[in-house]
Structure formats: C-alpha cells, structure tokens
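Residue strings, one per chain:
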Amino acid sequence: MSKLKRFTDSLPLLMALSSCLRHVCQNVGHPLRIKQVFSGLASDKVCGLTTKKNGHDKSWKTQHRKISSHLDPDLSWEESLSDMVTPLWRIGYEEQLKRKFVEQKNVLQKLASQLKELSKNQVEITQTPEELCCTLHPIVPSPIINGYRNKSTFSVNKGLDGDPKTVGYYLGRGRKRNIVCVRGHHLLNIPEKHKQVAQCYEEMIHQSPLNSCLMFYDGGHWREIIVRTNRESHTMAIITFHPQKLSQEELYVQKEAVKEYFTRGPGAECNLTSLYFQESSMTRCTHEQSPYQLLFGEPHIYEEILGLKFRISPDAFFQINTAGAEVLYRTVQELIQVEGNMVLFDICCGTGAIGLSVAHQVSRVFGIELVEQAINDAKWNASFNGISNCQFYSGKAEVILPQLLSSLEEERSLTAIVNPSRAGLRKKLSCSTGSSELQADQDTGLCFLQA
Ligand SMILES: C[S@@+](CC[C@H](N)C(=O)[O-])C[C@H]1O[C@@H](n2cnc3c(N)ncnc32)[C@H](O)[C@@H]1O
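Residues numbered from 1 in each chain as written. Predicted model: local features only at pLDDT ≥ 70, side-chain atom pairs only at ≥ 80, totals over all residues. Heavy atoms only, no water.

Points about the overall build of the protein chain
Okay, step 1: Counting secondary structure elements, the protein chain contains 11 helices and 21 strands.
Okay, step 2: Burial analysis of the protein chain (451 residues in total) assigns 54% to the buried set.
Okay, step 3: A fraction of 65% describes how many contacts in the protein chain between residues 6 or more apart in sequence connect residues 24 or more apart. (Helix = DSSP H or I, 4+ residues; strand = E, 2+ residues; numbered from the N terminus. Buried < 20%, exposed > 50% of the residue type's maximum accessible area, 1.4 Å probe, protein only. Contact = heavy atoms within 4.5 Å.)

Structure, rendered in structure tokens:
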C-alpha cells in the first residue's frame, strides 16, 4: 500500500477533527500536503420549529418560562442572542484572535495524536515541536469587524411578547420545541441595511391578513426573509412563503401586495435592487424544487473580489464576509504551491470564486457544485472575466469527481480545494486515478489535498 493511500485512509478522521479549524495552517508532510484555511463565523440560528404538543398549543407563558430556564437568568434576551450568534462579542478583537489561535492549536494537537493512534504509527506525520501535525500560522484578521455580513436570514415566529409575527433569530432549543424569536437590531455582525429590511418585512406582515407560518402544518404563510447586499449597497431580498392551499389567483394577489409594499409603500425606503418570492413548503427548497420568482429588479447581485467580477444568483453561495473572502482567497493564492502543469479541483465551488481567483496560477481548473444556479454563475463569471482555463460541472462532487479524475492523464499534478457546506460532505468523497487518490469527509473548513 502506498504511503499516499495509507495517509488518505486517515482523512475521514482528519476532516472530522478539523471541522472547527478556522485558521491558516500548513502541513509540509510529503507526498500529500494538507492545508486548512478558514475564517468562520458563528451560526445565525439555533433553530427548530413547533410549539405544539399532543395537538394543543401550550400557553405562551409556560413556553416562555421553559425557554428561559436553560438560558442564563442574569442575561437579557438580547445578550443571550449575541452569545449564540457572535460568541466572542464581549472581548476585543485582538483577544478574539488569540483565543481562536489557542483553540486551533488544541484541535491540531488532538488531530496529530489521533491520526497517530488510528494509523498505528504507519502514517508518516511530520510534527512540529509543539506536537502539531502541521505549521499553525497566526489567525488572519478580517479587514472588517462589525456589520460584515453580506447575507442575513431572518426567521418569523413568536417574539418575547408572544407576537407571532416577530422577525428575527431563534433562541432556545429546537429539540425541546422551545424557541422564541428575538429581533437582531443589536447584533454587531449584521449591517444596518439588513436590519432595516427585516423591520420593514415585519411591518409588512403585520399589515397582512395572512398568518405567519409557525409550524409547517399550522396553516400560516409568512416565513423567513433573506437579505443579500454587495459593497455598493445593492440589496436583494428573498421572501419565503408557505402557499398552503392558496390558489394561483390568491398567490398572485399576495405577490402583488408584497411588490407594492416594497416599491411604492413603506418598504420603498429599503431601496431594494431586487425582490424574489419563493413558495416553499419545506425547510429549504432549491430553485429547481420551487423557483425563485423575481417580483421586480435585477435578477442577480454582483460583487468584485481581487479584481474579478462575480455574479451571484439567489440560490448561490457566496462567502458572507466579502472583505474577509478577499483575504481568504489571497491566502489560497499564496498557499497553493504551483507545480507546472497543475490541475486544480475546486470541490463545492459555489460561484467558482476560489478556482477563478487562482486560475492564472494553474493550468486548468475543474469546479464542481451541487446548486445549478451557482454553476451557471460560475460559467458566467469565467466568461465575463475572460478566464478560459476553467470548466464547471453541476452535480454531486461524490459522483462527478471520480469521472473527471478518470479522464485525466496520470502524470498531471492534481490539487483539490474543498470548502463544503457546514454539514460537510457526509458521504465519503473518494476518487482514484492510478497513482493518485483523494479522499475527504466531514469538514467545514477549507482543505487542500495535493497528490
Ligand atoms: C461553503 S460553500 C463554498 C463555496 C465556494 N467554495 C467558496 O468558497 O466560495 C459550499 C458549497 O458546497 C456545495 N455543496 C454541498 N454539498 C455538495 C456536494 N455533495 N457536491 C457538490 N457541491 C456541494 C453547496 O451548494 C455550496 O455552494
């Protein structure tokens, strides 16, 4: 068994352990180099739905008490929400970076010792004096600290006062069916524009005779609103609406009312560049499952990163901290060790941002992405920016990557960059081409595999 094969056998563990890596580090082990790069952000939601048990609504007071019971009683709801969404908000940024560094060091120490144990010392792990399996670079700071998010998702549910049309973030424990919706006006990472759109949406649904959708089987309609902005303050909003049993005519009336509110009514102050409406009876629907319907405005939002222009569709992923993404991609450019004929796989490529930003350094880029709208964006982005050595494929990486690899010449130098969704690549991603093999599993960071 080759050294490479033995090393890749350990990758699922490596990926699982490294799921909380949010830093820049480097493994100089040969022949497979693994590098992790990420500057992650706290989750927006701690959620789950439903307030009904045995078919009866529990009184809001009882439920309210239950939600409070597992939160710190000395904290306000707003503070509890900040702790959930931005856990390090109480300390200065310098201190935050130090803490993250220490956290990553602990993860890498654990990773090195577990890799050793798992491989029964068969895997060659180059260790640093601090018993890390790779060099840990300092955390790369984000150029923007507050209001950096370019995308926010606001949910609708019962607020602190029991108002079922509160727009904000869920607080509480979804598993125990105890949640409350808390407005996010005070959150440090959310830009003012997003807060303004959320507030207008709340006012709009208050005016509506239709109920909010608290539970999927409860008959309500108004669900979350997603707000996306670019650095020029262009703003796209996407309203998710449960159609329940409304007819096409009734749906049309609702869509017209929403459009009127945001173009000529009080919502016009948000100055939206585009407004989408998605009928959705599931937690999340792709465009293919239920199309994003453009009610007015530009179909896409555009962003510039490292001199390249990116088109972003409503369904497509884009790094939520644009200035941070620029730093991240520049770091990727620095960390990629280009070897002449290098072929780069950008696995889970979204709108193709990573692959396109390093395309000039490598011979070819293959991007693979599940979401079709994102792949269409990636193709447009390559063409608009005059980049001709990138090809993008829509589908599951688990399926497409082996096909692509088998069509390549063996002597090529292959590098894969993986930045999967938070849930990670749950199924084993495994592919082989003669002498080289790549394998990856659960991870939320960004990982290079070079073979
Ligand atoms: C965190 S985003 C990263 C996007 C891009 N690499 C970037 O950094 O801008 C993860 C992407 O993986 C995609 N994805 C999730 N599971 C996938 C799979 N099994 N195969 C291909 N793409 C997947 C998601 O749709 C999402 O666009």
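And the narrative resumes.
Observations regarding the site of the ligand
Okay, step 1: Lining the immediate environment of the ligand, one finds 18 residues, of which Gln319, Cys348, Glu369, Ala397 and Asn419 sit closest.
Okay, step 2: In this structure, an oxygen atom belonging to the ligand sits 3.0 Å away from a side-chain N or O atom of Tyr329.
Okay, step 3: Residue Glu369 places a side-chain N or O atom 2.6 Å away from an oxygen atom belonging to the ligand.
Okay, step 4: Starting from 600 Å² of accessible surface for the ligand in isolation, the protein chains cover 91%.
Okay, step 5: Taken together, the residues of the shell around the ligand sort by class into 10 nonpolar, 5 polar and 3 charged. (Near = heavy atom within 4 Å. Polar contact = N/O pair within 3.5 Å; in protein donor to acceptor, adjacent residues only side chain to side chain. Areas by Shrake-Rupley, 256 points an atom, 1.4 Å probe, with all protein chains shown as cover. Nonpolar A, V, L, I, M, F, W, Y, C, P; charged D, E, K, R; others polar.)

So, the layout of surface pockets
Okay, step 1: Of the voids in this model, the second largest pocket is the one considered here, and its volume is about 210 Å³.
Okay, step 2: Considering the residues around the second largest pocket, the lining is formed by 17 residues, among which Gly147, Arg149, Thr229, Asn230 and Arg231 are closest to the centre.
Okay, step 3: At the level of secondary structure, the elements contributing two or more residues to the lining of the second largest pocket comprise helix 6 (192–207) and helix 8 (322–335).
Okay, step 4: Its residues placed into classes, the lining of the second largest pocket shows 5 nonpolar, 8 polar and 4 charged.
Okay, step 5: Each of domain 1 (3–41 + 96–141 + 314–450) and domain 2 (52–86 + 144–304) gives at least three residues to the lining of the second largest pocket. (1 Å grid on protein atoms, 1.4 Å probe; cavity = no way out; pocket = protein on both sides within 12 Å on 5 of 7 lines; lining within 4 Å. Points joined across faces, edges and corners; volume = space filled by probe spheres on them. Domains from an automatic or database assignment.)

Considerations on unusual backbone geometry
Residues other than glycine predominantly adopt negative phi, and peptide bonds predominantly adopt the trans conformation.
Okay, step 1: We note that Gln244 has phi near 45 degrees; this positive angle belongs to a residue other than glycine.
Okay, step 2: Judged by relative accessible area, which is 26%, Gln244 ranks as partly exposed.
Okay, step 3: Unusually for a residue other than glycine, Leu306 sits at a positive phi of about 50 degrees.
Okay, step 4: Tracing the chain through its elements places Leu306 in the loop between strand 13 (301–305) and strand 14 (308–312).

Looking at the environment of Phe101
Okay, step 1: You can see Phe101 is positioned in helix 5 (residues 93–119).
Okay, step 2: Put simply, Phe101 and Leu136 are 35 residues apart on the chain and 8.3 Å apart in space, counted from C-alpha to C-alpha.
Okay, step 3: When sequence neighbours within four positions are dropped, the list of residues in contact with Phe101 reads Leu136, His137, Pro138 and Ile139.

Considering the UniProt feature "binding site: S-adenosyl-L-methionine" (unreviewed entry) in the protein chain
Okay, step 1: Here, the residues flagged by UniProt with the feature "binding site: S-adenosyl-L-methionine" (unreviewed entry) are Gln319, Glu369 and Asn419.
Okay, step 2: Among the secondary structure elements, Glu369 is positioned in strand 16 (residues 364–369).
Okay, step 3: One polar contact links the side chain of Glu369 to the main-chain amide nitrogen of Gly350, over a distance of 2.8 Å.
Okay, step 4: Take Asn419: it is sitting in the loop between strand 18 (414–418) and strand 19 (429–433). (UniProt positions renumbered as here; feature names shortened; annotations may be inferred.)

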